[in-house]
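# Coordinate inspection notes
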Amino acid sequence: MAIFWAFACMFFAACNDLLFKFFAGKNRGNGFFVSVVGVVWLVVALIPALLGQAPADWRATIIWGCISGFFSLAGNIMMLDAMRSLDVGVCSTIYRLNLVPVTVGAALILNENITPIQYAGIAAACLAILAFIPRNQSEVKRKLGWAFIVMIIASLLRSGMGLSYRYGFLHGASEKYVVVINSLFWIFGGVLYAFWRERHLMPYNKQDWKNLFFLGGLSGALVTGIVITMALMLKLGNASVVLPIAQMSFLVTGALGIWLFKERLTVSKAMAFILGVAAVLLLSIKF
C-alpha cells in the first residue's frame, strides 16, 4: 500500500503544479489565490492539532512555524510568478530539485553526511538545470530572464522550508501545530502580498472572484491530498523508496504540460527530465 500512496502523492503534486500553471496564465492575484489555499489547509490541519496534545514547547513551535511558513509562502508565490513565463515542466523540475540545497544544508547545519552517490546526484541536478538553457540566443534572453531566476529562488526557499522543518522538529517544535502556523502564513501573507504587489490588478470582477475561490479551493484540496498521502506512504513504507516516487511528479507535470498547454518537448528538455530523475534517485540514497 505504501507504493500506492506514493504514486497518489505524485499524482496530487503533478495536478497541483498544473493548476498553478493554469491559474498563473490568467494573470490574476496570486496573493488571494494562496490565501484561499491556506484557508482549506487550515481547516484540515486544525483537526489533528486540536484532537492531539498541546505542544510541549510553544516557543520552538511558534518560531519554527513562522520560519517555515515564510519559506513556504514565499516559495510558492515565486513559483506562481515564474509560471507566468516559463513552461510548467521546467518550473516543476527545478522546484523538485530542491533536494540539492536540502542535502547540502543538512550537511552544513545538521551535520549530516553527504555520500559520494549523493554528490553524483547534486551534479546530475545541476546538469538538469543547465539543460533547460535553450541554444537559440533569442530564447536564452527570454528563458534566462527574471522568471528563470525567480524559479531558482523559489526552489531554494522550498529547501529552506524543509530544513527548518527538520531543525525545528529536532528542537522541540510540534509538527501538528507548525503546519497550522504555516497555513496562517498563507492566509494572511497572501492578503498582504496582494495589497503590496498586486494592487494594479484590482478591482476584481465577479468572474475573477469565482476563479479565485474555485481554483484556490481546488488547489487547497490537492495540497491536502499531498499531505495525507505523504503521511500514509511514510507511515507504511521506507522513506528511501516512497519519497523518490513522490518527487517524480515533475515527469507527470512535464508530460501533461506538453499535452494540455502545448509546450514543446526539445532534446535539451528531455535530457533535463532524465537528469532530474537521476538526481532524485541518487540524492535519495543514504549509503
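One can find the structure itself at the top, above this paragraph.
### Some remarks on the overall build of the protein
What the protein contains, in helices and strands, is 13 helices and 0 strands. For the protein, the succession of helices and strands along the chain, N to C, is α-α-α-α-α-α-α-α-α-α-α-α-α. Against the 2.2 N^0.38 benchmark of 19 Å for 287 residues, the protein shows a C-alpha radius of gyration of 19 Å, consistent with a compact globule. Taking the principal axes of the C-alpha coordinates as reference, the protein spans close to 55 × 55 × 35 Å. Among the 287 residues that make up the protein, the fraction classed as buried is 51%. Here the contacts in the protein between residues at least 6 apart in sequence split such that 88% fall between residues at least 24 apart. In the form shown here, the protein has an accessible surface area of approximately 14200 Å², with 71% of it arising from carbon and sulfur atoms. Distance between charge centroids for the protein: 4 Å, based on 22 positive and 10 negative side chains.

### Describing the side chain of Ser183
Here Ser183 is to be found in helix 9 (residues 175-197). In this structure, Ser183 is in contact with Gly38, Trp41 and Leu42, ignoring residues within four places of it in sequence.

### A closer look at the pattern of salt bridges
Taken as a whole and assessed by the stated rule, the structure comprises 3 salt bridges. A salt bridge links Arg84 to Asp81; its shortest N-O distance comes to 3.6 Å. Residue classification places Asp81 among the partly exposed residues on the basis of a relative accessible area of 22%. A salt bridge links Asp87 to Lys269, with the shortest nitrogen-to-oxygen separation between them at 2.7 Å. Remark: Lys269 occurs in helix 13 (residues 267-284) and Asp87 occurs in the loop between helix 3 (58-83) and helix 4 (88-96); sequence separation between them is 182 residues. The residues Asp87 and Lys269 share a single accessibility class, namely buried.

### Digging into the environment of Gly31
Within the fold, Gly31 resides in helix 2 (residues 30-51). The class of Gly31 is buried, set by a relative accessible area of 0%. Spatially, the C-alpha atoms of Gly31 and Gly220 are 14 Å apart, while their sequence positions differ by 189 residues. Once residues within four sequence positions are removed from consideration, Gly31 is found in contact with Gly190, Val191, Tyr193, Ala194 and Glu198.

### Quick look at the packing of aromatic side chains
Within this structure, the stated rule accounts for 13 aromatic pairs. The interplanar angle of 55 degrees and the centroid separation of 5.9 Å between the aromatic rings of Phe70 and Phe71 together place this pair among those described as tilted. Aromatic side chains Tyr193 and Trp196 sit 6.1 Å apart centroid to centroid with 80 degrees between the ring planes, which places their arrangement in the edge-to-face category. One end of the pair, Tyr193, and the other, Trp196, are both in helix 9, 3 residues apart, so they sit about a helical turn from each other. Ring-pair connections join several aromatic residues into one group, and the members of that group are Phe32, Phe195, Trp209 and Phe213. The ring of Trp196 has Arg197 lying over it, and the distance from NZ or CZ to the ring centre is 5.4 Å.

Thresholds applied
Residues numbered from 1 in each chain as written. Predicted model: local features only at pLDDT ≥ 70, side-chain atom pairs only at ≥ 80, totals over all residues. Heavy atoms only, no water. Helix = DSSP H or I, 4+ residues; strand = E, 2+ residues; numbered from the N terminus. Rg over C-alpha atoms; globule rule 2.2 N^0.38 Å. Buried < 20%, exposed > 50% of the residue type's maximum accessible area, 1.4 Å probe, protein only. Contact = heavy atoms within 4.5 Å. Areas by Shrake-Rupley, 256 points an atom, 1.4 Å probe, with all protein chains shown as cover. Lys, Arg positive; Asp, Glu negative; His and termini not counted. Charge placed at Lys NZ, Arg CZ, Asp CG, Glu CD. Salt bridge = Lys/Arg side-chain N within 4 Å of Asp/Glu carboxyl O. Phe/Tyr/Trp six-rings, centres within 6.5 Å; stacked < 30°, edge-to-face > 60°. Lys NZ or Arg CZ within 6 Å of the ring centre and 35° of its normal.

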